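Structure at a glance
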Amino acid sequence: MYKIKVNLAQKDYPILIKRGIINSLDFEIGRIYKNKKIAIITDHNIKGIYGDRIIESLSAYGFQIHTILVNPGEGSKSIQVLSHVYNQLLDIGINRKDLIVAFGGGVVGDLAGFAASTFLRGIRYIQVPTSLLAQIDSSVGGKVGINLPRGKNLVGNFYHPESVFIDPDLLNTLPNRYLYDGMAEVIKYACIRDKTMYEKLLSIESKEKLYENIEEIIYSCCSIKKEIVEKDERESGERMLLNFGHTIGHAIEKFFNYETFTHGEAVAIGMYCITRQSEEMGITKKGTSSLIKRILVQYNLPFEIGEIDNSRLLESIALDKKGEEDILNIVLLKEIGAGFINKINKEDIGEFVSHL
Ligand code: ADP
Ligand code: ZN
């Protein structure tokens, strides 16, 4: 088992990483929560696979369990679904002393966390992330929120859970595309902070081997995120490092209407493209972009968008940045394991994306 303690100005909380920890969730929650009532927010897929097991064991422990179900997928991060969640919380009679458990991928975590942060001005919640992306990224750091029709994550909050319980065994049922989607963010951590992890990832040759090592990989990622978030909880400085590959990544996702590429796939292309450019500019050590390409290919991730006319995409990136300040922060690598924040003039963004 790995334990990480996140120490923030307002709050400390643990992240526990352990195979099979969901089988002792009753005991783990019982240690930190003395009331009876718990609202578990989850999606249909997770409920279908793990729901009964969890509900039975928590009920046997004496908790009064109520399940709030949402549809799988990004569409559930909406005002309509949030409103449905609030109504269910009211129907169940959840009060300020009760607990919400977010049991699912990033969608459930963001939605349930935001509901917890706002319902009755904030009630306690626990994260039990089930996708790789949620286990290494979205469940750590307190960012919660929903989308608006005009854009993603436009309504949100920084609101930390009481605890995060990560069970790597849950990944056994995660569909491959989502597994590799999460691996893009793992690769991101290696690129910005951890050359040893890069080498480790390179030495893993099969999905079986990946699963053998996944607990340690999750631990490395969460440790990096913890360290960065502790220094800069609200993303005014160092936390921006976590956006490596994301300026271009977000633009790609949006350009293709969130249909063609997953978040991780778009970030993968973004990491390679910006590094190829910064390498050509002499900012990044030669050979770094090839190393990124190699690891992306190994984990079934794309490194380019393919045969399309990219001028419209470039235009849309520039347009995307229109409302922002004149100076943009973009994340570049000195080499693998050493990311840094580079300030550029907004007009120069085109130069950095010319390899798309
Ligand atoms: P994210 O990739 O941000 O975590 P989602 O919350 O949408 O996004 O999760 C991705 C998809 O994988 C959803 O369809 C979800 O129901 C499914 N899923 C998440 N965790 C598991 C799991 N452990 N086993 C099977 N399916 C899962
Ligand atoms: Zn991301």
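Model, not experiment: these values are computed from the prediction. (Residues numbered from 1 in each chain as written. Chains lettered and ligands numbered in written order. Predicted model: local features only at pLDDT ≥ 70, side-chain atom pairs only at ≥ 80, totals over all residues. Heavy atoms only, no water.)

Below, the discussion takes up the overall build of the protein chain. Along its length, the protein chain carries 13 helices and 11 strands. For 356 residues, the compact-globule estimate of 2.2 N^0.38 gives 21 Å, and the C-alpha radius of gyration of the protein chain, at 20 Å, lies within 12% of that figure. When its C-alpha atoms are laid out on the principal axes, the protein chain stretches across 60 × 40 × 40 Å. Long-range pairs, those at least 24 residues apart, make up 74% of the contacts in the protein chain with a sequence separation of at least 6. Within the protein chain, the 46 negative side-chain charges are centred at a point lying 5 Å from the centre of the 43 positive side-chain charges. (Helix = DSSP H or I, 4+ residues; strand = E, 2+ residues; numbered from the N terminus. Rg over C-alpha atoms; globule rule 2.2 N^0.38 Å. Contact = heavy atoms within 4.5 Å. Lys, Arg positive; Asp, Glu negative; His and termini not counted. Charge placed at Lys NZ, Arg CZ, Asp CG, Glu CD.)

Right, let's talk about the coordination of the zinc ion (ligand 2) for a bit. Only Glu185 (OE), His246 (NE2) and His263 (NE2) from the protein reach the zinc ion (ligand 2) as donors, at distances of 2.0 to 2.2 Å. Mapped onto the sequence, the donors of the zinc ion (ligand 2) take the spacing E-x60-H-x16-H. With a gap of 78 residues between them, Glu185 in helix α6 (residues 176-193) and His263 in helix α10 (residues 263-280) connect regions that are remote in the sequence. (Donors = N, O, S within 2.8 Å, 3.2 Å for Na, K, Ca; no water.)

With that out of the way, let us pick up the state of the cysteines. The final tally for this structure, using the stated rule, is zero disulfides. Left unpaired, Cys221 is separated from the closest cysteine sulfur, that of Cys222, by 6.8 Å. Note on Cys273: no disulfide assigned, nearest cysteine sulfur contributed by Cys191 at a separation of 14 Å. (Disulfide = S-S within 2.5 Å.)

With that out of the way, let us pick up the UniProt feature "binding site: NAD(+)" (unreviewed entry) in the protein chain. UniProt feature "binding site: NAD(+)" (unreviewed entry): in the numbering of this structure it lies at Gly106, Val107, Val108, Gly109, Asp110, Thr130, Ser131, Lys143 and Lys152. Looking at the element boundaries, Gly109 is found in helix α4 (residues 106-118). Residue classification places Gly109 among the buried residues on the basis of a relative accessible area of 5%. For Gly109, the contacting residues outside a window of four places in its chain are Ala102, Gln127 and Val144. Under the relative-accessibility criterion, Lys152 is labelled partly exposed at 29%. Look past the residues within four positions of Lys152 in its chain and what remains in contact with it is Glu74, Asn147, Glu253 and Tyr258. (UniProt positions renumbered as here; feature names shortened; annotations may be inferred. Buried < 20%, exposed > 50% of the residue type's maximum accessible area, 1.4 Å probe, protein only.)

Here we take up helix α8 (residues 207-231). In a regular helix each residue adds 1.5 Å, so 25 residues correspond to 36 Å; α8 covers 34 Å between its end C-alpha atoms and thus fits that length. In the structure, α8 departs most strongly from a straight axis at Asn213, where the bend amounts to approximately 55°. (Expected span 1.5 Å × (residues − 1). Bend = angle between axes of the 7 residues up to and from the residue.)

UniProt records the feature "domain: 3-dehydroquinate synthase N-terminal" (unreviewed entry) for residues 68-179 in the present numbering. Regarding residues 68-179, the helix share stands at 34% and the strand share at 29%, and the terminal C-alpha atoms are separated by 25 Å.

Now for the domain arrangement of the protein chain. Annotation of the protein chain at the domain level lists domain 1 (2-173) and domain 2 (176-352). With 25 residues of domain 1 at the contact, the number on the domain 2 side is 27 residues. Both faces combined, the contact of domain 1 with domain 2 buries some 2,600 Å², and carbon together with sulfur accounts for 65% of it. Between domain 1 and domain 2 we count three salt bridges in total. At the boundary of domain 1 and domain 2, one finds 10 residue pairs in polar contact (both at pLDDT 80 or more). Those elements that place two or more of their residues in the side of domain 1 that touches domain 2 are β1 (2-7), α5 (132-138) and β8 (151-158). With six residues, β1 is the largest single contributor of residues to the side of domain 1 that touches domain 2. For the side of domain 1 that touches domain 2, the class distribution of residues is 13 nonpolar, five polar and seven charged. (Domains from an automatic or database assignment. Buried area = accessible area lost by both parts, 1.4 Å probe. Salt bridge = Lys/Arg side-chain N within 4 Å of Asp/Glu carboxyl O. Polar contact = N/O pair within 3.5 Å; in protein donor to acceptor, adjacent residues only side chain to side chain. Nonpolar A, V, L, I, M, F, W, Y, C, P; charged D, E, K, R; others polar.)

Per the counting criterion, the structure on display carries 19 salt bridges. Salt-bridge contacts for Lys226 lead to Glu230; the nearest nitrogen and oxygen are separated by 2.8 Å. A residue pair is termed a helical-turn pair when its members lie 3 or 4 positions apart in one helix, as Lys226 and Glu230 do in helix α8 at four residues. With a relative accessible area of 28%, Glu230 lands in the partly exposed category. Put simply, Glu74, Lys77, Asp110 and Lys152 are held in one network by salt bridges that share partners.

Counting 74 residues, the largest nonpolar core has Leu132, Leu201, Ile252, Tyr299 and Leu356 as its most contacted members. Among the nonpolar cores identified, the runner-up in size contains 23 residues, and Ala39, Val70, Ala115 and Tyr125 belong to it. (Core = buried A, V, L, I, M, F, W, Y, C linked by side-chain atoms within 4.5 Å.)

Across seven bridges, the pairing between strand β3 (residues 37-43) and strand β4 (residues 64-70) is parallel. In the strand pairing of β4, Thr42 is matched with Leu69. Taken together, β3, helix α2 (residues 44-60) and β4 constitute a β-α-β crossover, and its handedness is right-handed. (Pairing = 2+ DSSP bridges. Right-handed = clockwise from strand over helix to strand, strands pointing away.)

Quick look at the sheet that holds β1 now. If you walk across this open sheet you meet the seven strands as β1-β2-β9-β6-β5-β3-β4, and the pairing is mixed. Two strands in the sheet have a free side with no partner beyond their single neighbour: β1 and β4. Strand after strand, the sheet turns through a mean of 20° between neighbouring axes, direction not considered. Two strands pair when backbone bridges link them, and strand β5 (residues 99-104) and strand β6 (residues 124-129) are joined in this way by six bridges, in the parallel orientation. Directly across from Gly104, in β6, lies its bridge partner Pro129. Running at roughly 10° to β1, α8 makes contact with β1, β2 (12-17) and β9 (163-166) of the sheet. (Axes fitted to C-alpha atoms, helices over the stretch in contact; angles between N-to-C directions.)

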